[in-house]
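Residues per chain, in single letters:
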Amino acid sequence: MEQLKTIGRELAMGSQGGFGQSKEFLDLVKSIGEARSKAEEDRIVLSEIDILKRKLLEPDIPKRKMKEYIIRLVYIEMLGHDASFAYIHAVKMSHDDNLLLKRTGYLAVTLFLNEDHDLIILIVNTIQKDLRSDNYLVVCAALNAICRLINEETIPAVLPQVVDLLNHHKEAVRKKAIMALHRFHRKSPSSVSHLISNFRKRLCDNDPGVMGATLCPLFDLITEDVASYKDLVSSFVSILKQVTERRLPKSYDYHQMPAPFIQIKLLKIMALLGSGDKSASEIMYMVLGDLFKKCDSSTNIGNAILYECIRSISCIIPSPKLLEAAADAISKFLKSDSHNLKYMGIDGLGRLIKISPDIAEQHQLAVIDCLEDPDDTLKRKTFELLYKMTKSSNVEVIVDRMIDYMISINDNHYKTEIASRCVELAEQFAPSNQWFIQIMNKVFEHAGDLVNIKVAHNLMRLIAEGFGEDDDDADSKLRLSAVESYLQIMSEPKLPSLFLQVISWVLGEYGTADGKYSASYISGKLCDVADAYSSDETVKGYAVSALMKIYAFEIASGRKVDVLPECQSLIEELLASHSTDLQQRAYELQALLALDARAVESILPLDASCEDIEVDKDLSFLNGYIQQAIESGAQPYISERERSGMLETTDYHSQDHHEVPSHALRFEAYERPKPSSLRTQASTELVPLPEPSYYSEAHQPISTSSVSERESSEIKLRLDGVKQKWGRPSYQSSTSASSTPPQAANGTSSHPDVGVGSSSLKPRSSYESKKPEIYPEKQRLAASLFGGSSSSRSDRKSSSGGHKPAKGTASKPPKENPIPVQPPPDLLDFGEPTATSVTATDPFKELEGLMDSSSQDGGSTDVMGVLYSDAAPVTTTTSVDSLLSELSDSSKGNPGTYQSQTSKGPNSQEALEKDALVRQMGVNPTSQNPTLFKDLLG
Amino acid sequence: MILKICGIVRIPPLSKIRFILLQNRQGKTRLAKYYVPLEESEKHKVEYEVHRLVVNRDAKFTNFVEFRTHKVIYRRYAGLFFSVCVDITDNELAYLECIHLFVEILDHFFSNVCELDLVFNFHKVYLILDEFILAGELQETSKRAIIERMSELEKLE
């Protein structure tokens, strides 16, 4: 520990190792690192806050000191403590003329403040000034801040300058200006809708960085409106072609792939543009095909591009050849050892299966392996795939699996999702009603609190209506089976409320319908429910209503009703319930028991839950009564609207409502008020100005003058007490750019009806598949998932032929494939990993001895030891090379990528020095140390 | 821009990358950059949850975990976890490589980066990150361009 402090001091004085911070800062970081508990850490931070609070109050703090305080504050905030007392100092620092201080100020401000913070207004002015600076680094700093801090209200203050900066001579500035403009577009599309043509222009920028950055906003724009960008298809294709032909500077290479991140962005855009568009897709075939050939599937990044290609192909209208290439790539993924790649493969399969349904069948074993993998992420992805390939022949297996998994997990978010998928699949493909009810029971039992209440209502409706066929016999069988299953499940403890509601309802309606169960048996069960879940009023309500129905049916059929004693006591208890709803139900039940059969039958007829009840909204049956009352001198009814005289004010309200989004600060002077004669004319057709879309502008083009007229009238309207903080809602008329009718914007918006990509639809295709005979333990599963044609299956289909899915969504009949298929022998290879693993010679092994000898003096294992144990540097460039190609199973090295590093970068001498320093600070190598490096860079 | 196309409203997400976290194995946050506004308490929760999700995963498992309605792509370098939170449908491998590119840049800038570098120079890491990712989008993917920009800033020190 003592040693640590000395080192810290040395560091503070001499800035060895490039740390270059003051002692206090180093001490802070160090003591936090040494803290043994969260409480201790908190204590340190709180005392640090005290110190800083005091220091900040001192007069004339030297700027350099101030900068350090700010950095310490950033650190404190990062640890999760509140440093808001010092935000203002960070803001002040951003005003400083010294670039270094300014950067620090901006950095702190962007980390401290959200875009809606009150202090932002103090920064806007500085940003405006900095955007005009001659020093491009200042401009960059301001643009960085803009991307974080500018909100809808402040956009107009900086917008013109940002637009000017798009033509700045420095590419770094242009790039950041693009990003800032993109950000504005996301924040408030209407404010930049007239500027989006700039994005197109910048696509042709000489600098690849700027071009790459431009792809981000273009992706968004194309997502919103594909049709307007169809003309760019060939441009994107040719850019991608150039990229793959290595026409970009070498500095964009990453692991020997030319500008892979730009390629991926381009592929995403092409997927949008080619979706549902044959001619656009055709332009892309060439370059996509080339990509499959060129991508190095031994590196992660190569695979990332391949995967993106698969995605694009699944979106566009693909050629058979491309589909084949994509399928090949997928099978490579699935055969890989890496979980990451398997995951991508499963995902790709899910995408492609929509287009070529038979693609999954050759991968069935790989899919089952993934399904049984202990990795949850992979498992869930596989369930997603299964969900996509469900059809009536395999729905049982898939849903059973899903339910098993659903029961096994605790994550409520995913549980909800998988439960709703089970329900959806069951509703869509249920082979039989019994099965459907079973599945629903399971879903309710294990995730009843998570499923949508609609699901319960659907189930009740299904049981009540039957499956829509005119087969009363089947319906009553269904009901009986439901009742039976519920009576069985009811004994289980702690059922979800929603499920109990369904159970109570069904028992009430159909518990005694078949005559199998006596009224007293069912009512006893219902009383048990009300008793066991006495804190759940909804369930109790359902139970009481169910009791009422049971007794009503008994009375109506002329049998004598014996109210069970427990039932009687329940009713009595509820008569005094705090819940008025329960009380009412109990009174109704009590009243019903006293009525004669004829009256009861008309109140609660048997099995009439599906009958329509006509509601007389006008209450016409009361007309006579009203007539009478009026004749005897009563006042006629006046509607509430008329009574309160709200007619005019409602107009104001709607107006105000429209204007809300336009509230904004003004950064320009107010115009002179216009003559009042215009007011009346304008107010009649008030169009809220900065409407989020420019449709209104497109449809009724307004001249500049009329805009300002309208605005002037708005001022007047505002004066009548409409809540308004500052100024008018719109600054548009004064910014030259927005006052002219936006031509380009109109152009882009004029095809609202195009662009609904067919990709958003999820066509559910059925497909046939074969059943190879391999791996006895998995064979059955594979067969049931993928094989749609086994004899047992067709039996079931015919037996359940009479049923229709509940929701009326017709399931496509599965295609029969009667040809028995011989198992392809080579399928056996599927289980075995085929990837060749090249064992990389670990350069650290060689260094191990060296390190051990240098660190023998590192004594005790303290927290610092744990903290920094991993923090030791890589030693040679060659090691970096080989390790960087992580996951790729190859230690080929990347001489191209790392040339620059050999010239400038680390050398072993330096690394060892640093290592020694780290060790001196009390870090002793733990057993992980040698592998650390492997981790650190690959 | 909210555009109604046949009744479908497509709203692009506010930011592709929601946040980037650097945490050590103990869950100490070494760097946190949020591209969506979050409450302080919410940030705590996020950091805690992400750490819990990531720290005990088998090294063989995928580097992707579902996180609420999003996905966290993470990568472990020695004792440090780099986590990026993105949309559930985004290209995972690409972000995995993004992290790696970022680490390569750090490695280059600090000449063999170690956790210590990041701890003591976290403000510089923020500056590097600002050159790499802006407003939640990949801004520059050329390592050289970023290193050059940083060395220009360094000259001022």
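Treat the numbers as computed from the prediction; the structure is a model and nothing was measured. (Residues numbered from 1 in each chain as written. Chains lettered and ligands numbered in written order. Predicted model: local features only at pLDDT ≥ 70, side-chain atom pairs only at ≥ 80, totals over all residues. Heavy atoms only, no water.)

## A look at the overall build of chain A
Our working rule: Secondary structure is summarised from DSSP: a helix means a run of H or I of at least four residues, a strand means a run of E of at least two, and numbering begins at the N terminus for each. Think of it in three bands: with a 1.4 Å probe and only protein chains considered, a residue is buried below 20% of the maximum accessible area for its type, exposed above 50%, and partly exposed in between. What makes two residues a contact is simply this: any of their non-hydrogen atoms within 4.5 Å. Computed with a 1.4 Å probe, the accessible areas rest on the Shrake-Rupley method; for each residue, only the protein chains presented here act as cover.
On a plain count of helices and strands, chain A comes out with 48 helices and zero strands. Going through the 938 residues of chain A one by one, you find that 54% of them count as buried. Partitioning the intrachain contacts of chain A with sequence separation of at least 6 by distance along the chain shows that 70% fall at a separation of at least 24. For chain A, the exposed area adds up to about 42,800 Å²; of that, 52% sits on carbon and sulfur atoms.

## A closer look at the overall build of chain B
Helices and strands together make up the secondary structure of chain B, namely five helices and nine strands. Going residue by residue from the N terminus, the α and β elements of chain B occur as β-β-β-β-α-β-β-β-α-α-α-β-β-α. Taking all 157 residues of chain B together, the buried fraction comes to 73%. Excluding contacts between residues fewer than 6 apart, the proportion of contacts in chain B whose partners are at least 24 apart in sequence is 44%. Surface summary for chain B: the accessible area is close to 4,900 Å², and the carbon and sulfur share equals 54%.

## Focus on unusual backbone geometry
Residues and elements named next belong to chain A. In this structure, Asp60 takes a positive phi of about 50° despite not being glycine. As for its position among the elements, Asp60 is in the loop between helix H3 (38-57) and helix H4 (63-78). The phi dihedral of Ala259 is positive, around 35°, even though this residue is not glycine.

## Side note on the confidence of the model for chain B
Residue and element names in this part refer to chain B. This is how it is decided: Per residue, pLDDT measures the predictor's confidence, with a range of 0 to 100.
Overall, the prediction assigns chain B a mean pLDDT of 87, with 91% of residues at 70 or greater. The low-confidence segment residues 1-11, where pLDDT is below 50, has 32 contacts with residues more than four positions distant or belonging to other chains. Scoring the predicted complex yields pTM 0.69 and, for the interface, ipTM 0.92.

## Describing the packing of aromatic side chains
Our working rule: To pair, rings of Phe, Tyr and Trp, with the six-membered ring standing in for Trp, must have centres within 6.5 Å; the planes then decide the type, stacked if under 30 degrees apart, edge-to-face if over 60, and tilted in the middle.
The full count for this structure, using the stated rule, is 20 aromatic pairs over all chains. Ring geometry for Tyr75(A) and Phe122(B): centres 5.2 Å apart, planes at 40°, overall tilted. Note that Tyr75(A) is positioned in helix H4 and Phe122(B) in helix H4 (residues 122-132), a pairing that runs across two chains. For the pair Tyr75(A) and Phe122(B), a shared accessibility class is recorded, and that class is buried. Judged by centre distance (4.8 Å) and plane angle (25°), the ring pair of Tyr87(A) and Phe112(A) falls under stacked.

## A closer look at the packing of H3(A) against H4(A)
Axis angle and axis distance: for two packed helices, these are the angle between their axes and the distance between the axes, and together they describe the pair. Residue and element names in this part refer to chain A. Basically, it comes down to this: For helices, the axis comes from a line fit to the C-alpha atoms of the stretch in contact; other axes are also lines fit to C-alpha atoms, and the angle between any two N-to-C directions lies between 0 and 180 degrees. For classification purposes, angles smaller than 35 degrees are called roughly parallel, those larger than 145 roughly antiparallel, those between 65 and 115 roughly perpendicular, and all remaining angles oblique. Crossing chirality is assigned from the near helix's rotation relative to the far helix, an anticlockwise turn below a right angle marking it left-handed and a clockwise turn marking it right-handed. Note that Gly is not counted as nonpolar here; it falls among the polar residues with everything else outside the nonpolar set of Ala, Val, Leu, Ile, Met, Phe, Trp, Tyr, Cys and Pro and the charged set of Asp, Glu, Lys and Arg.
Closest axis-to-axis distance for the H3/H4 pair is 11 Å, and the angle between their directions is 150°. When the axis of H3 is compared with that of H4, the two are roughly antiparallel. Every pair of crossing elements has a handedness; the one defined by H3 and H4 is left-handed. Every residue of H4 that contacts H3 at Val45, Glu48, Ile49, Ile51, Leu52, Lys55 and Leu56 is listed here: Met66, Tyr69, Arg72, Leu73 and Ile76. For the contact of H3 with H4, the class distribution of residues is nine nonpolar, no polar and three charged.

## Some words on helix H20 (residues 364-371) of chain A
All names here are of chain A. A large share of H20 lies buried, amounting to seven of its eight residues. Where H20 is concerned, the buried positions are Gln364, Leu365, Ala366, Val367, Ile368, Cys370 and Leu371. Of the surrounding secondary structure, the elements contacted by the buried residues of H20 are helix H18 (320-335), helix H19 (339-352), helix H21 (376-388), helix H22 (395-408) and helix H41 (776-786).

## Let's talk about the environment of Gly508(A)
Residue and element names in this part refer to chain A. Examined against the element boundaries, Gly508 turns out to sit in helix H27 (residues 497-510). Of the residues examined, Gly508 reaches a relative accessible area of 0% and is grouped as buried. In sequence terms Gly508 and Lys549 are 41 residues apart; their C-alpha atoms lie 5.6 Å from each other.

## Considerations on the confidence of the model for chain A
All names here are of chain A. A residue-level look at chain A finds 67% of positions with pLDDT of 70 or above and a mean pLDDT of 74. Predicted confidence for residues 1-19 stays below pLDDT 50, and this span has 35 contacts to residues more than four positions away or in other chains. When the criterion is pLDDT under 50, residues 648-662 qualifies, and its contacts beyond four places in sequence or with other chains add up to 13 contacts.

## What about the sheet that holds strand S7 (residues 80-86) of chain B?
Residue and element names in this part refer to chain B. Inclusion rule: The rule for pairing is simple: two strands pair if DSSP sees at least two bridges between them.
Strand order in this open sheet of five strands is S4-S3-S7-S6-S5, and the pairing throughout is antiparallel. At either end of the open sheet lies a strand with only one pairing partner, and these are strand S4 (29-34) and strand S5 (64-67). Averaged over all neighbouring strand pairs, the angle between strand axes comes to 20°, with direction disregarded. Across seven bridges, strand S6 (residues 70-77) lies against S7 in antiparallel orientation. Across the sheet, the residue bridging to Lys71 is Val86, located in S7.

## Quick look at the pattern of salt bridges
The cut-off we apply is this: Each reported salt bridge corresponds to a side-chain nitrogen of Lys or Arg within 4 Å of a carboxyl oxygen of Asp or Glu.
For the structure on display, the rule yields 57 salt bridges over all chains. The shortest N-O distance in the salt bridge between Asp253(A) and Lys250(A) comes to 3.1 Å. The exposure class of Asp253(A) is buried, given its relative accessible area of 14%. Through salt bridges with shared partners, one network takes in Glu171(A), Lys176(A), Glu131(B), Arg149(B) and Glu152(B).

## Notes on helix H31 (residues 580-593) of chain A
Heads up, the rule is: To estimate the expected span of a helix, count its residues, drop one, and scale the result by 1.5 Å.
Taking 1.5 Å of rise per residue, 14 residues should cover 20 Å, and H31(A) covers 20 Å from first to last C-alpha, within 8% of that figure. Structurally, H31(A) contributes buried residues whose contacts are with helix H29 (537-556), helix H30 (565-575) and helix H32 (597-603) of chain A.

## What to know about a nonpolar patch on the surface
Put simply, the rule is: Two distance rules govern patches: like charges are joined within 9 Å, and nonpolar side chains (Val, Leu, Ile, Met, Phe, Trp, Tyr) within 5 Å, applied only to residues with over 30% relative accessible area and no salt bridge.
Side chains of Leu619(A), Phe621(A), Leu622(A), Tyr625(A), Ile626(A) and Ile630(A) sit close together on the surface and give an oily, nonpolar patch of about 600 Å² of accessible area. Take Ile630(A): it is sitting in helix H33 (residues 623-631).

## A word on the pairing of S7(B)
Residues and elements named next belong to chain B. Among the seven residues that make up S7, seven are buried, leaving the element largely enclosed by the rest of the structure. Neither face of S7 is left uncovered, since the one carrying Leu80, Phe82, Val84 and Val86 and the one carrying Phe81, Ser83 and Cys85 both have all their residues buried. Summarising the sheet, strand S3 (residues 19-24) and S7 pair through six bridges and their orientation is antiparallel. Residue Leu22 lies in a different strand from S7, and its bridge partner there is Phe82. Where S6 hands over to S7, the hairpin turn is made up of two residues, of which Ala78 adopts a positive phi near 50°.

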